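# Report on the structure
What follows is each chain in one-letter form.
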Amino acid sequence: MSAENRIRDEIARLSKSLFDRGFSVGSAGNISAAVEDGILMTPTNSCLGFLDPARISKLDREGNHISGDKPSKEVFLHRAFYETRPQTGAVVHLHSTFATALSCLADIDPDDCIPPLTPYVVMRVGQVKLLPYVKPGDESMGDMIRELGGRYAAVLLANHGPVVTGKDIASAVYAAEELEETAKLLVLLRDAPKRMLSPENVTELKAVFGGY
């Protein structure tokens with residue numbers, strides 16, 4: 001099996017896992033992964049639970065659709081991460097419940113909307129930036145991500161949901177899951193006094209474990 005076909009199979013397998021566990025519903029969400037000569041992306045209006053690996057969209061590095069079904073309308077935000085973070089091997093965009101709930105709150109910190117509640121969100125996701133609302137598929141999403149200059153591995157789209165990157169498809173999916181679970185904790189603890197990790201704790205985690 002070729003390297004590209006292995007990645008196609010992995011996208012379908014991990015997408016189904018996300019769907020089966022409620023991280024994605026209906027035709028919500030989209031996932032992409034870099035291959036040697038382009039980008040593979042889940043097709044527009046496709047359900048993550050029922051992907052056919054052979055029909056996953058393929059684009060060249062300039063974003064031209066070259067094979068498979070028509071790609072997601074949110075291709076712009078995926079491409080922006082590949083262009084500004086050369087280490088990006090995959091991008092996962094979900095409408096997962098608790099991360100989306102946070103994206104709808106008026107009082108979250110736009111520069112750090114997933115604060116360091118646990119060590120794993122620091123290690124696997126890092127600091128998360130809130131981006132202003134634009135309609136799904138709006139090309140300005142890509143422009144907003146490019147303006148970040150590659151400083152964030154994950155963002156939260158206001159009133160929309162999370163976008164998380166990783167060095168490969170598995171690490172991007174795991175990071176998206178970690179972000180969602182941390183968002184769930186933040187919502188559950190919203191009205192309770194919270195003990196966040198200190199700046200010193202965060203610095204230590206980054207020094208010992210690095211960070212994507």
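The rules behind each value
- Residues numbered from 1 in each chain as written.
- Predicted model: local features only at pLDDT ≥ 70, side-chain atom pairs only at ≥ 80, totals over all residues.
- Heavy atoms only, no water.
- 1 Å grid on protein atoms, 1.4 Å probe; cavity = no way out; pocket = protein on both sides within 12 Å on 5 of 7 lines; lining within 4 Å.
- Points joined across faces, edges and corners; volume = space filled by probe spheres on them.
- Nonpolar A, V, L, I, M, F, W, Y, C, P; charged D, E, K, R; others polar.
- Axes fitted to C-alpha atoms, helices over the stretch in contact; angles between N-to-C directions.
- Helix = DSSP H or I, 4+ residues; strand = E, 2+ residues; numbered from the N terminus.
- Parallel < 35°, antiparallel > 145°, perpendicular 65-115°, else oblique.
- Left-handed = near helix turned anticlockwise from the far one by under 90°.
- Contact = heavy atoms within 4.5 Å.
- Phe/Tyr/Trp six-rings, centres within 6.5 Å; stacked < 30°, edge-to-face > 60°.
- Buried < 20%, exposed > 50% of the residue type's maximum accessible area, 1.4 Å probe, protein only.

## Quick notes on the layout of surface pockets
- Approximately 150 Å³ is the volume attributed to the largest pocket.
- In this structure, the largest pocket is lined by 14 residues; those nearest its centre are Ser27, Gly29, Asn30, Ser72 and Lys73.
- Here the lining of the largest pocket is built from residues that sort into three nonpolar, nine polar and two charged.

## Digging into the packing of helix 2 (residues 75–84) against helix 5 (residues 140–147)
- At a minimum axis separation of 7 Å, helix 2 and helix 5 run at an interaxial angle of 25°. Accordingly, the angle class assigned to the pair helix 2 and helix 5 is roughly parallel. Of the two possible hands of crossing, helix 2 and helix 5 adopt the one that is right-handed. Contacts between helix 2 and helix 5 pair Phe76, Leu77, Ala80, Phe81, Glu83 and Thr84 from the former with Met141, Gly142, Ile145 and Arg146 from the latter.
- Class assignment for the residues of the contact of helix 2 with helix 5 results in six nonpolar, two polar and two charged.

## Digging into the packing of aromatic side chains
- By the definition in use, this model includes one aromatic pair.
- Note on phenylalanine 19 and phenylalanine 50: the rings are 5.7 Å apart at their centroids and 65° apart in plane angle, and the pair reads as edge-to-face. Taken together, the residues phenylalanine 19 in helix 1 (residues 3–20) and phenylalanine 50 in the loop between strand 2 (38–41) and strand 3 (57–59) connect sequence positions 31 residues apart.
- The class for phenylalanine 50 is exposed, based on a relative accessible area of 66%.

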